[in-house]
Amino acid sequence: MWPFSSGARRRIGAWDLSTPILRFSDRDPWTIGDSCMGTQIFGGTGSGKSTGSLAAICRAFLRAGYGGLFLTAKPEDTATYQRYCAEAGRLDDLSIFGVGRPLRYNALDAELRRRDAGAGLTENVVALLTTLLEVSERNSGDGDREDSGYWKRVNRQLLRNTVDLLVMAKNRLSVPELYKLVVSAPTSRQQVGSDDWRRGSFCYECLKEADAKDGSRRQRDDLELVSTFFLSEWANLSERTRSVVLSTFTSMLDVLNRGVVRELLSGTTNVTPEEAQDGRIILIDLPLKVFGELGVFVQVLWKFCFQRAMERRDVGVNPRPVFLVADESHLLTVSTDQVFQTTARSTRTAVVYATQSISNYLAALGGDRAEPQTHSLLGNLQTQIFHQQADIRTNEYAAQLIGRTRQFLSNANTNYQPDYGMGGLFGSSLGGMSAGVSEVFEFEVQPSVFTTLAKGGPPEWNVGSIVFQGGRRFHDTGRSWLPVTFRQQV
C-alpha cells in the first residue's frame, strides 16, 4: 500500500474525483471519487483494522485536505486522531468537542436558525429527536415489541407538538425547555381547567404566549392543532398509554439534560457540522467506552446533523470532499444511515465505518429489520476491506461478495480386486484406474482464507487484508478483489 504521490497532491486543488489519494498497489489507485462511495472495514479484535487500513485511509483524507468528523470509541482515539492531524500538518484545522473544552453545539436551535429554504421546519427537528429515540428504545429493548409502530407514531406526535409550541412561544429550542414543557403538560381534563395547574405549568405559559402573538394564518392553524393536542388529546389519553410515551420521551431527553452534556448541547453554538465543508476537522471527544450511553447519544446526534448538513451543501460552490469516520461503527449505527449513504457520493462525503463483524450490526440493530437494514447499508458501501476474522457470517459474506467462478477439479481413482486364481498365490491382484475433470462453480476466495490473514505486530508490523471494490477490476488480479498489506501504524 502506497500513499498518493506529491504530484497528485499538487493537483488536488481542483478536487477532481479521479485524483488518487491512496494506492493499493502500483497500478491500483484509490481516488477521491472512490472514497465518496463509502467504505466498510471488517476485522476481528486484534486483527489490525484500526492501525492498518483505517489509519491509512484517515491519513490519506487529512493529507488530501478533506474536512470531516471523527467519532471516538476507545479512550485512546482522541490522541490517535490528533497525531494523524499533526503528521498531516492539519492541527490548526482541528476542533475538539468534549468535556472541559470550550466548543458548544446546540443542535436543536442551530436547526432553527440555519439559513436555507428548509430552516425552522418542525419535521427536521423531529427527525433528529426521533433518531435519538431509536437509540434509546434499542438500548431498552422496546424496539422489538409487536406494537412498536404505534408507540413510535405517538412519540413523533408528542415531539412534533412540543417543538411547534416551544418555537411559537419562545422562538428558540433547547433540551431543558423541551423537557420542562412536556412534564408540565396536563394529564387530565380536570387539570386543564385548574388555576393551580395554569399558575405552575410551563406548558400553559407557552400556550398563552403563543396565543398572544400575531401570526400568519398558517401559524394560527398550527397553534390550534397544538392546543388541541395538549389540552384534549394528551390530557385524555389513558394513564397507561401516556405514561409509556412520557417515559420514553423523558428518558431520552434526560440523558441530554444533565451536567456536562446539557452544557455542551444547550449553550451558545460556536461550532457546526457545516464548517467541515471549509476544511474544519471536528473530533468528538466523548469515547463510547468511557461515556457509555451518554457518548452514544451525543455522537449519534453529531453524526445525524453532519449527514443532514452535507445533504444540503452545494458541491458546485464548494467541491471540497469531507469525511465521516466511525470506528466501532455498530455502536453508532441507526436506520437513517443507509438512506444517507444512497446519495453520499453526490455530496462528496467519504464515509468510513469499521467494526469487527456483520454480527455486530445485526445485534445492535436488533428486531426483524436488522438483516435488511444491515445489508442495505453494506450494499451502499462500495469499498469493503476484510482483515483477519473469526466470525463465520462475516467470512461467508465476504466470500459471497467476491463471488464464485467456474473452476475445474481433476480427480483420479484406483481400485484393486483380489485374483482368486493361481496369481493370488503369489500376491498378485487385478486392478483398474480412472481419471477425470469436473466443472464446478466455487468461491474465488474461500471463507477460511479470512481466518489466516496477518494481524500485524512485531517484527514485520504488516497487516493483511483483502480489499473488495464494487464495479472495479484491479490490475494485479483482474478481479474485483485484491490482497493488500498495510503497514501497521502504532
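The present account deals with the structure reproduced in this document.

Cut-offs and rules
For every chain, the first residue of its written sequence is number 1, and the numbers climb from 1 along that sequence. Given that the model is predicted, a residue must reach a pLDDT of at least 70 before its local features are reported, and side-chain atom pairs must reach 80 or more before they are shown or counted; all residues, however, enter totals for whole chains, interfaces and linings. The side-chain numbers reported here are obtained from all heavy atoms of the structure, hydrogens and water having been left aside. The helix and strand labels rest on DSSP assignments: H or I over at least four residues marks a helix, E over at least two residues marks a strand, and numbering proceeds from the N terminus. Burial status follows relative accessibility: with a 1.4 Å probe on protein chains alone, a residue under 20% of its type maximum counts as buried, one over 50% as exposed, and anything between as partly exposed. Pairs of residues are marked as contacts when any of their non-hydrogen atoms sit within 4.5 Å. Using the Shrake-Rupley algorithm and a 1.4 Å probe, accessible areas are obtained, with residue cover drawn only from the displayed protein chains. To obtain each axis, a line is fitted to C-alpha atoms, and for helices this fit is confined to the stretch in contact; angles are then taken between N-to-C directions over 0 to 180 degrees. Relative orientations are named as follows: roughly parallel for angles under 35 degrees, roughly antiparallel for angles over 145 degrees, roughly perpendicular for angles from 65 to 115 degrees, and oblique for any other angle. Think of a 1 Å grid over the protein atoms and nothing else: a 1.4 Å probe that fits but is trapped marks a cavity, an open set flanked by protein within 12 Å on at least five of seven lines marks a pocket, and residues with an atom within 4 Å of a point count as lining. Grid points are joined across faces, edges and corners, and a volume is the space filled by probe spheres set on the points. What counts as a salt bridge is simple: a side-chain nitrogen of Lys or Arg found within 4 Å of a carboxyl oxygen of Asp or Glu. Throughout, the arc means the angular range of directions from the helix axis out to the C-beta atoms. A pair of strands is treated as paired once DSSP finds two or more bridges between them. Here the expected span of a helix is defined as 1.5 Å times the quantity of residues minus one. Here the bend at a residue means the angle between the axes of two seven-residue stretches, the one that ends at it and the one that starts at it. We call a set of buried residues a nonpolar core when its members are Ala, Val, Leu, Ile, Met, Phe, Trp, Tyr or Cys and they connect through side-chain atoms within 4.5 Å of each other. Two rings from Phe, Tyr or Trp (for Trp, the six-membered ring) form a pair when their centres are within 6.5 Å of each other. A pair whose planes differ by under 30 degrees is stacked, one over 60 is edge-to-face, and the rest are tilted.

**Considerations on the overall build of the protein**
Here comes step 1: For the protein, the helix and strand inventory stands at 19 helices and 14 strands.
Here comes step 2: Looking at the protein as a whole, 51% of its 490 residues qualify as buried.
Here comes step 3: For the protein, contacts bridging at least 24 residues in sequence account for 73% of all contacts bridging at least 6.
Here comes step 4: Approximately 22,100 Å² of the protein is accessible, and the part contributed by carbon and sulfur atoms is 50%.

**Looking at the packing of helix α13 (residues 239–256) against helix α15 (residues 288–312)**
Here comes step 1: For the pair α13 and α15, the least separation of the axes is 9 Å and the interaxial angle reads 95 degrees. As the angle between them shows, α13 and α15 are arranged roughly perpendicular. Judged by residue contacts, M252, V255 and L256 of α13 engage E293, L294 and F297 from α15.

**A short note on empty space enclosed by the protein**
Here comes step 1: Tallied over the full model, the rule gives 1 cavity of 30 Å³ or more.
Here comes step 2: Taken as a whole, the largest cavity encloses approximately 40 Å³ of empty space.
Here comes step 3: In this structure, the largest cavity is lined by Y105, N106, A107, L108, V175, L265 and L301.

**Focus: unusual backbone geometry**
Here comes step 1: Each neighbour pair has its own omega, and for P458 with P459 the value is 0 degrees, a cis peptide bond.
Here comes step 2: On the secondary structure map, P459 appears in the loop between β12 (429–443) and β13 (462–469).
Here comes step 3: Not every positive phi belongs to a glycine, and N171 is a case in point at roughly 55 degrees.
Here comes step 4: You will see that W461, though not glycine, has its phi angle at about 60 degrees, which is positive.
Here comes step 5: Examined against the element boundaries, W461 turns out to sit in the loop between β12 and β13.

**Quick notes on the pattern of salt bridges**
Here comes step 1: Evaluation of the coordinates by the stated rule reveals 25 salt bridges.
Here comes step 2: For D34, the salt bridge is made with R472, and the minimal N-O distance between the two is 3.6 Å. A residue pair is termed long-range when its members are at least 10 positions apart, and D34 in helix α2 (residues 32–35) and R472 in the loop between β13 and β14 (481–487) qualify at 438 residues.
Here comes step 3: D34 sits in the buried class, given a relative accessible area of 12%.
Here comes step 4: Between R220 and D211 there is a salt bridge, with its nearest N and O atoms 3.2 Å apart.
Here comes step 5: Note on R220: relative accessible area 33%, which makes it partly exposed.
Here comes step 6: Residue D211 is classed as partly exposed on the basis of its relative accessible area of 47%.

**Observations concerning the environment of Y361**
Here comes step 1: With respect to the helices, strands and loops of the structure, Y361 is situated in helix α17 (residues 358–365).
Here comes step 2: Overall, Y361 belongs to the buried group, its relative accessible area being 2%.
Here comes step 3: Counting along the chain gives 10 residues from Y361 to E371, while the straight-line C-alpha distance between them is 8.6 Å.
Here comes step 4: Residues in contact with Y361, not counting those within four places in the same chain, are Q40, F42, S329, H330, T333, Y353, T355, T374, L377 and L378.

**Quick look at helix α8 (residues 175–183)**
The α-helix winds at 3.6 residues per turn, so residues separated by three or four positions along the chain end up facing the same way.
Here comes step 1: Those residues of α8 that fall on the buried side of the exposure criterion are V175, E177, L178, L181 and V182. Within α8, the buried residues cover an arc of 165 degrees as seen down the axis, which keeps them to one side.

**Remarks on the sheet that holds strand β8 (residues 322–327)**
Here comes step 1: Strand order in this open sheet of 9 strands is β6-β7-β5-β8-β9-β4-β10-β13-β14, and the pairing throughout is mixed. Each of the sheet's edge strands pairs with one partner strand only, and the pair in question is β6 (94–98) and β14. Taken over all neighbouring pairs, the strand axes of this sheet differ in orientation by 20 degrees on average, direction set aside.
Here comes step 2: Relative to strand β9 (residues 349–355), β8 runs parallel, the two sharing 6 bridges. Opposite V325, over in β9, you have V352 as the bridge partner.

**A closer look at helix α12 (residues 217–236)**
Here comes step 1: For α12, built from 20 residues, the straight-helix expectation of 28 Å at 1.5 Å per residue is met to within 8% by its first-to-last C-alpha distance of 28 Å.
Here comes step 2: Its maximal kink placed at F229, α12 deviates by approximately 40 degrees.
Here comes step 3: Those residues of α12 lying buried are L223, V226, F229, F230, W234 and A235.

**Focus: the side chain of N161**
Here comes step 1: Secondary-structure assignment places N161 in helix α7 (residues 148–170).
Here comes step 2: Owing to a relative accessible area of 10%, N161 belongs among the buried residues under this scheme.
Here comes step 3: What N161 contacts, discounting residues up to four positions off in sequence, is L225, V226, F229 and F230.

**Side note on the nonpolar core**
Here comes step 1: Counting residues in hydrophobic clusters, the biggest one holds 97 residues, and the most contacted among them are F97, Y105, L129, L165, F230 and W302.
Here comes step 2: Top element by residues in this core is α15. It accounts for 12 residues.
Here comes step 3: Those residues within four positions of F230 in sequence are excluded, and the remaining contacts are L158, N161, T162, L165, L181, A185, P186, C203 and A235.
Here comes step 4: L22, I41, V325 and A350 belong to the second largest nonpolar core, which has 38 residues in total.

**Section: the packing of aromatic side chains**
Here comes step 1: Under the counting rule described, the total for this entry stands at 18 aromatic pairs.
Here comes step 2: Here F61 and Y66 contribute two aromatic rings whose centre-to-centre distance is 4.8 Å and whose plane-to-plane angle is 20 degrees, an arrangement assigned as stacked. Across the pair, Y66 and F61 agree in class, each one buried.
Here comes step 3: Counting every residue linked through ring pairs, the aromatic cluster contains F24, W30, F61, Y66, F70, Y81, Y84, F323, F474 and F486.

In short, geometric facts, not functional conclusions.
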